[in-house]
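Next come the chains, spelled out residue by residue.
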Amino acid sequence: AMKLREHKVDIERAMLFNNKGIVDGIQYTDGLIGNILSQASIVHQSTPANKLAYASGKSYSRVIDVAPSGTAANNEFTYDSFLEDMEVIFDPARGGSSEKFCMASLPVVTLFNKMQGGFLENSTSSAYNLNINFEGKTGGFGHKVMQIETVHGTLNLVKQPLFRGVAKNMMVCVDLDNLKYRPLVGNGLNRDTYIDTNVQLPDEDLRKDLILTEAGLEVCMPESHSLFSFVSNGVPIG
């Protein structure tokens, strides 16, 4: 049971980050985040100088500096810019659904829970009605979900413990309607996760079982997915 759980974590890691190789300019294996970052002409767009802009076949990507001059007073993570980003990401004319599934590192989840350093102070006056609502939910498997409702759409944010190292400051927003898990199926065989038992050699005085999965991740309509990276004075948070 423990090895099966480890195997499922390996699958999840591969679906998020894997970038196995490029042969003759063709990238054969790619994870979701690798797919977003490796898109040919992708440009990280930054608030507030550049707003998110639609490009056919390209995912959205933004670096948000929560303290661009070293002080929280200049936080780019504001209500105004956040709402403008949601306007682009949830535009119904570009496909996708009105809800996104968001996975974020622990520091990013903390940032959303604190909303520190000017999220409202540097935005429209708090005397106005804010078209945003933060609510805690419990997921179907007992995990915590932070539901962020805006006038344009809803983000369902969960912690992703695998977002560490180079991904420690990231949040990926996924349109689940345009993302499919595809196990290899053909000739009557389904090569989704299975256990091959007793694979040890005849002269080995032990038992070996092998857990195998042959599957991939189908990413459709790239412009329905987005990636946010949070930095503080240019340095990744966390």
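Everything that follows concerns the structure shown earlier in this document.
Quick look at the structure, then. (Residues numbered from 1 in each chain as written. Predicted model: local features only at pLDDT ≥ 70, side-chain atom pairs only at ≥ 80, totals over all residues. Heavy atoms only, no water.)

The element strand S9 (residues 170–174) is extensively covered by neighbouring structure, given that five of its five residues are classed as buried. As paired strands, strand S5 (residues 99–104) and S9 are joined by four bridges and run antiparallel to one another. From the neighbouring strand, methionine 103 faces S9, where its bridge partner is valine 172. For S9 and strand S16 (residues 226–232), the ladder comprises four bridges, and the chain directions are antiparallel. Residue pairing across strands places methionine 171 opposite phenylalanine 228, the latter belonging to S16. (Buried < 20%, exposed > 50% of the residue type's maximum accessible area, 1.4 Å probe, protein only. Helix = DSSP H or I, 4+ residues; strand = E, 2+ residues; numbered from the N terminus. Pairing = 2+ DSSP bridges.)

Time to look at unusual backbone geometry. Glycine aside, the phi torsion of most residues is negative, and most peptide linkages are trans. You will see that methionine 221, though not glycine, has its phi angle at about 40 degrees, which is positive. If you trace the backbone, methionine 221 turns up in the loop between strand S15 (215–219) and S16. A relative accessible area of 33% means that methionine 221 is categorised as partly exposed.

This brings us to helix H3 (residues 79–89). Within H3, eight of the eleven residues are buried, which leaves the element mostly enclosed by the surrounding structure. All buried positions along H3 are accounted for by Tyr79, Ser81, Phe82, Leu83, Asp85, Met86, Val88 and Ile89.

Moving on, we get to the environment of methionine 15. Considering the arrangement of structural elements, one finds methionine 15 in helix H1 (residues 2–17). By relative accessible area, methionine 15 is classed as buried at 15%. Remark: the alpha-carbon pair of methionine 15 and glycine 34, spanning 19 residues in sequence, is separated by 9.1 Å. Not counting chain neighbours up to four residues away, the residues in contact with methionine 15 comprise Gly31, Leu32, Tyr181, Ala215, Gly216 and Leu217. (Contact = heavy atoms within 4.5 Å.)

If you trace the backbone, methionine 146 turns up in strand S7 (residues 144–150). Judged by relative accessible area, methionine 146 falls into the buried class, the value being 14%. The spatial distance from the C-alpha of methionine 146 to the C-alpha of cysteine 102 is 9.4 Å, given a sequence separation of 44 residues. Dropping the residues within four chain positions of it, methionine 146 is found in contact with Phe112, Asn113, Phe134, Glu135, Leu155, Asn156 and Leu157.

Further remarks concern the nonpolar core. One finds Phe77, Phe82, Phe112, Leu155, Met171, Phe228 and Phe230 to be the most contacted residues of the largest nonpolar core, which totals 30 residues. Secondary-structure elements contributing two or more residues to this core are strand S4 (60–65), H3, S5, helix H4 (106–114), S7, strand S8 (154–159), S9 and S16. Per-element accounting of this core gives the leading share, six residues, to H3. Among the nonpolar cores identified, the runner-up in size contains 15 residues, and Leu16, Val145, Ala167 and Met170 belong to it. (Core = buried A, V, L, I, M, F, W, Y, C linked by side-chain atoms within 4.5 Å.)

Taken as a whole and assessed by the stated rule, the structure comprises six aromatic pairs. Taking the centre distance of 5.5 Å and the plane angle of 75 degrees together, the rings of phenylalanine 77 and phenylalanine 230 count as edge-to-face. Taken together, the positions of phenylalanine 77 in the loop between S4 and H3 and phenylalanine 230 in strand S16 put the pair 153 residues apart, joining distant regions of the chain. We classify phenylalanine 230 as buried; its relative accessible area is 1%. Aromatic rings pair up to connect Phe77, Phe82, Phe112 and Phe230 into one cluster. (Phe/Tyr/Trp six-rings, centres within 6.5 Å; stacked < 30°, edge-to-face > 60°.)

Taken by themselves, the reported measurements are silent on function.
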